[in-house]
Amino acid sequence: MAACYELSIQPENVIKISGIGCSSKSPTYFMGRSHGFNAVHGRMPSIATGASIANRSLKTIGVSGDGDTASIGIGQFIHLMRRNVPMVYIIENNGVYGLTKGQFSATADQGQKLKKMGVNPFMPIDLCMEALIANCGFVARSFAGDPKQVKELLKSALNFQGTAVLDIISPCVTFNNRDESTKSYSWGIEHEYPLHDVTWVPSYDEIEMEIEPGEIVEVELHNKSRLVLKKLEHNHDTSDRLAAMQLLEETCCAEILATGLIYLNQNQETFQSVENLVDKPLARLQQDALRPSKEALEEIMADFR
Ligand SMILES: Cc1ncc(C[n+]2csc(CCOP(=O)(O)OP(=O)(O)O)c2C)c(N)n1
Ligand code: SF4
């Protein structure tokens, strides 16, 4: 809500889409005047793709869970990124199916014990790694215990033209908040390792910056807004996809929760540009624009002869 307020995004120009789960219910609680659709479990990407084609003037915000995305919805998630559908895709990642009372999800830690579930024998899926493999152009991770970073990353994601994935570690305080879980508050607070200090700068405002020791990297987004990343100790290059994969692997092995912008690539065509869609929302096109003329139809038919 704060990110949209600071960007002056009108609720009427937003569509919020979700799947099923506690996380997928969260769009109900912000920006009541916006459009919305609570989709079927794991099928949010299909609805988001259709909505963003029908009306490309809207900002599409998808909210999902790790069960909704990494389990039942993994195929849809990957195809959404492959197509580069313009939207912000938020995963509220808690390592369990909260709504159905705490079963392990596909992002749960291997070997983790839960009172009612026993021991999880399977390797977790890293959703940022999946996003990198699917060639997603904006991949970030954050932690619900670091709201400032979440907000700045959201502002950047809302200004990205393509699929922007934001994996937010969001502890389930009912079923998965034990200290040893990598999805708990205490683990996140102890192990968070911000890659940079993220500040999103709107396009036409005067830029004020506190100059502190440490390198500052400015990234100009397509709409001329700028993203300022102040590097902390870790020297991470956000334009290097292989380095991003290596960072995820290394920090996972070292039990570090690396947060911030992991990868940024703005040079990919969006789904709408590949499909050569008109700018005007399809829902507002008049009959004469939608119905091809007799001559145009004959030309199309001639191509098939
Ligand atoms: C097709 C289908 N299968 C299973 C379910 C049952 N179900 C509801 S929510 C859920 C898991 C939600 O987990 P997650 O996406 O991680 O969200 P959380 O509740 O943890 O935020 C499941 C399996 C369903 N609603 N629909
Ligand atoms: S604490 Fe867990 S069960 Fe409760 S609403 Fe949050 S995710 Fe759902």
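Criteria and cut-off values
- Residues numbered from 1 in each chain as written.
- Chains lettered and ligands numbered in written order.
- Predicted model: local features only at pLDDT ≥ 70, side-chain atom pairs only at ≥ 80, totals over all residues.
- Heavy atoms only, no water.
- Near = heavy atom within 4 Å.
- Polar contact = N/O pair within 3.5 Å; in protein donor to acceptor, adjacent residues only side chain to side chain.
- Areas by Shrake-Rupley, 256 points an atom, 1.4 Å probe, with all protein chains shown as cover.
- Helix = DSSP H or I, 4+ residues; strand = E, 2+ residues; numbered from the N terminus.
- Nonpolar A, V, L, I, M, F, W, Y, C, P; charged D, E, K, R; others polar.
- Pairing = 2+ DSSP bridges.
- Axes fitted to C-alpha atoms, helices over the stretch in contact; angles between N-to-C directions.
- Contact = heavy atoms within 4.5 Å.

The next subject is the site of ligand 1. Near ligand 1 there are 16 residues, and of these Cys22, Ser23, Gly67, Asp68 and Gly98 occur at the shortest range. In the model, an oxygen atom of ligand 1 is placed 2.7 Å from a nitrogen or oxygen of the Ser23 side chain. Asp68 places a main-chain nitrogen or oxygen 2.7 Å from an oxygen atom of ligand 1. Considered on its own, ligand 1 offers 590 Å² of accessible surface; in the complex 73% of this is hidden by protein. The set of elements that each furnish at least two residues to the shell around ligand 1 consists of helix H2 (22–25), helix H4 (66–71) and strand E5 (96–97). Top element by residues in the shell around ligand 1 is H4. It accounts for three residues. Its residues placed into classes, the shell around ligand 1 shows six nonpolar, eight polar and two charged.

Right, let's talk about the sheet that holds strand E10 (residues 163–169) for a bit. Through backbone hydrogen bonds, the strands of a sheet pair up, either in parallel or in antiparallel fashion. Taken together, the eight strands give an open sheet; going across it, the order is E2-E1-E3-E4-E10-E9-E15-E11, and neighbouring strands pair in mixed fashion. The outermost strands of the open sheet, each flanked by one partner alone, are strand E2 (35–38) and strand E11 (192–194). Averaged over all neighbouring strand pairs, the angle between strand axes comes to 20°, with direction disregarded. Pairing analysis gives three bridges linking E11 to strand E15 (residues 257–264), with the strands arranged parallel. Looking at the pairing, Pro194 lines up with Thr259 of E15. Docked against the sheet, helix H3 (residues 44–54) engages strand E1 (14–18), E2, strand E3 (59–65) and strand E4 (87–93), running at close to 160° with respect to E1.

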